[in-house]
Amino acid sequence: MIARHQLPAWSPLNLRALAAGIIPPPSSRALGRIERRIADEYRPRSLLLTRSGTIALALAMRASAPEGLRPRIGLPAWGCFDLMTAADAVDAEVVLYDLDPETLAPEQASFRGMLAREPHAAVVAHWFGVPVDLGPWAELARSAGALLVDDAAQAVGASLRGAPLGIGGDFGILSFGRGKGRPGGEGGALLAASPSAQAALQGVARALPPPTPCVAGPPSASPRRAIFLSLANNFNILAFRRKLWRLLPWTLK
Ligand SMILES: Cc1ncc(COP(=O)(O)O)c(C=O)c1O
């Protein structure tokens, strides 16, 4: 048995954020601020705000393979379903690798084995916000000709040696969904951190339809619903959402 102290989820919402959820500022202003804030903190080569971390991940997978080719993506064999959802969305071929159960970082031999299958990209995540030093994995991926996706969806706001998590690979994934380090109800961002990722992202962005509210507009969830989901997550009562629904019918309307 491995004794591990799992970090408590911390998904802070202050009064100002709650107030902004009830009386939201104009969405164009808010999105501009979010974009500037991410650009200042992460200093990516380019960035794309998305409706969710899953969409950002799917775009990174699509962008890592040449147009017309089915993406082949290395994924951890243990993780949350969003990784497979993203792979499924872009019809990616998935090659799995194991995690080290002590650290939740990739297991070296298994990661190398996955790279031997010549994926276009490999995804490494910081599970529960516990930072993984991406340096060695990025180097291994690069020498195998694969891009590295730094999935920091569970680690937004965390840093390692002064550098924010999410910028340690070619692509970076952020999520602002319920229960995340910086909860916004929903939302995500795709960061391009290397010249090759930037070029690949530009190619995909050109192929995307013009922005719709999904990518560049206000979140579709009502502010009340977003606030409720974040609070529910903080208190671990998400499982009782349906019951609360009955108790507080006005909350989710
Ligand atoms: C590691 C990881 N990647 C991606 C995602 C997807 O983020 P979102 O919930 O914003 O779609 C999550 C969500 O929990 C996640 O934990």
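Please read all numbers here as calculations on a predicted model, not as lab measurements.

Student: Outline the overall build of the protein chain, supporting the account with residue identities and numerical values.
Tutor: If you tally the helices and strands in the protein chain, you get ten helices and nine strands. Looking at the protein chain alone, contacts between residues at least 24 apart form 63% of all its contacts between residues at least 6 apart.

Student: Can you explain helix α5 (residues 108–115)? Please cite residues and give values.
Tutor: Within α5, the full set of buried residues consists of Phe111, Met114 and Leu115. Mapping the buried residues of α5 onto a view down its axis gives an arc of 100°, with all of them on the same face. Looking at the buried residues of α5, the elements they touch are β2 (72–76), β3 (93–97), β4 (121–125) and α6 (135–143).

Student: How would you sum up the sheet that holds strand β9 (residues 188–192)? Please name residues and give values.
Tutor: In spatial order, the strands read β1-β9-β8-β5-β4-β2-β3; together these seven strands make up an open sheet with mixed pairing. Of all the strands in the sheet, just β1 (46–50) and β3 have a single pairing partner and so form its edges. The average undirected angle you get between the axes of adjacent strands in this sheet is 20°. Pairing between β4 and strand β5 (residues 147–151): five bridges, direction parallel. Bridged to Val123 within β5 is Val149.

Student: Account for unusual backbone geometry, with residues named and values stated.
Tutor: Not every positive phi belongs to a glycine, and Leu104 is a case in point at roughly 65°. Accessibility expressed as a C-beta count within 10 Å gives 17 for Leu104, which makes it partly exposed. You will see that Arg161, though not glycine, has its phi angle at about 50°, which is positive. Summarising the element assignment, Arg161 is placed in the loop between β6 (159–160) and β7 (163–164). A residue is classified by how many C-beta atoms lie within 10 Å of it, and Arg161, with 7 of them, is exposed.

Student: Any chance you could break down α6 for me, citing the residues and the numbers?
Tutor: Owing to its 3.6 residues per turn, the α-helix aligns residues three or four sequence positions apart on the same side. Buried residues of α6: Trp137, Ala138 and Ala141, and no others. Buried residues along α6 cover an arc of 100° about the axis, so they all sit on one side. With respect to the buried face of α6, the exposed residues turned more than 90 degrees away are Gly135, Glu139 and Ser143. Gly145 lies just past α6 and shows a positive phi near 80°.

Student: How would you explain the site of the ligand if you had to name every residue and give the values?
Tutor: The environment of the ligand is formed by 15 residues, the closest being Ser52, Gly53, Thr54, Ala153 and Ser175. For the shell around the ligand, the elements supplying multiple residues, two or more each, are α3 (53–64), α4 (81–89) and β8 (171–175). In terms of residue count, the dominant contributor to the shell around the ligand is α3 (three residues). Residue composition of the shell around the ligand, by class: six nonpolar, seven polar and two charged.

Student: Give me the packing of α5 against α6: which residues, what numbers.
Tutor: Where α5 meets α6, the closest approach of the two axes is 10 Å, and the angle between their N-to-C directions is 25°. When the interaxial angle is binned, α5 and α6 end up roughly parallel. Here α5 runs over α6; the crossing is right-handed. Two secondary-structure elements touch here, α5 through Phe111, Arg112 and Leu115 and α6 through Trp137, Leu140 and Ala141. Tallied by class, the residues present in the contact of α5 with α6 amount to five nonpolar, no polar and one charged.

Student: Give a description of the packing of α3 against α4 that names residues and reports values.
Tutor: Close contact between α3 and α4 brings their axes to 8 Å; oriented N to C, the two are set at 50°. Comparing their axes, α4 and α3 come out oblique. Between α3 and α4 lies a crossing whose hand is right-handed. Contacts from Gly53, Thr54, Leu57, Ala58 and Met61 in α3 reach Asp82, Leu83, Thr85, Ala86, Ala87 and Ala89 in α4. Split by residue class, the contact of α3 with α4 holds seven nonpolar, three polar and one charged.

Student: Explain the confidence of the model for the protein chain to me, and be specific about the residues and the numbers.
Tutor: Mean pLDDT over the protein chain: 83, with 79% of residues reaching 70 or higher. A low-confidence stretch, residues 213–220 (pLDDT under 50), is modelled with 16 contacts involving residues beyond four sequence positions or located in other chains. In the predicted structure, residues 231–253 sits below a pLDDT of 50 and forms 15 contacts with residues beyond four places in sequence or in another chain.

What counts, and where the lines are drawn
- Residues numbered from 1 in each chain as written.
- Predicted model: local features only at pLDDT ≥ 70, side-chain atom pairs only at ≥ 80, totals over all residues.
- Helix = DSSP H or I, 4+ residues; strand = E, 2+ residues; numbered from the N terminus.
- Contact = placed C-beta atoms within 7 Å.
- Buried ≥ 20, exposed ≤ 12 C-beta atoms within 10 Å, placed from the backbone.
- Arc of directions from axis to C-beta.
- Pairing = 2+ DSSP bridges.
- Axes fitted to C-alpha atoms, helices over the stretch in contact; angles between N-to-C directions.
- Near = placed C-beta within 6 Å.
- Nonpolar A, V, L, I, M, F, W, Y, C, P; charged D, E, K, R; others polar.
- Parallel < 35°, antiparallel > 145°, perpendicular 65-115°, else oblique.
- Left-handed = near helix turned anticlockwise from the far one by under 90°.
- pLDDT = per-residue confidence, 0-100.

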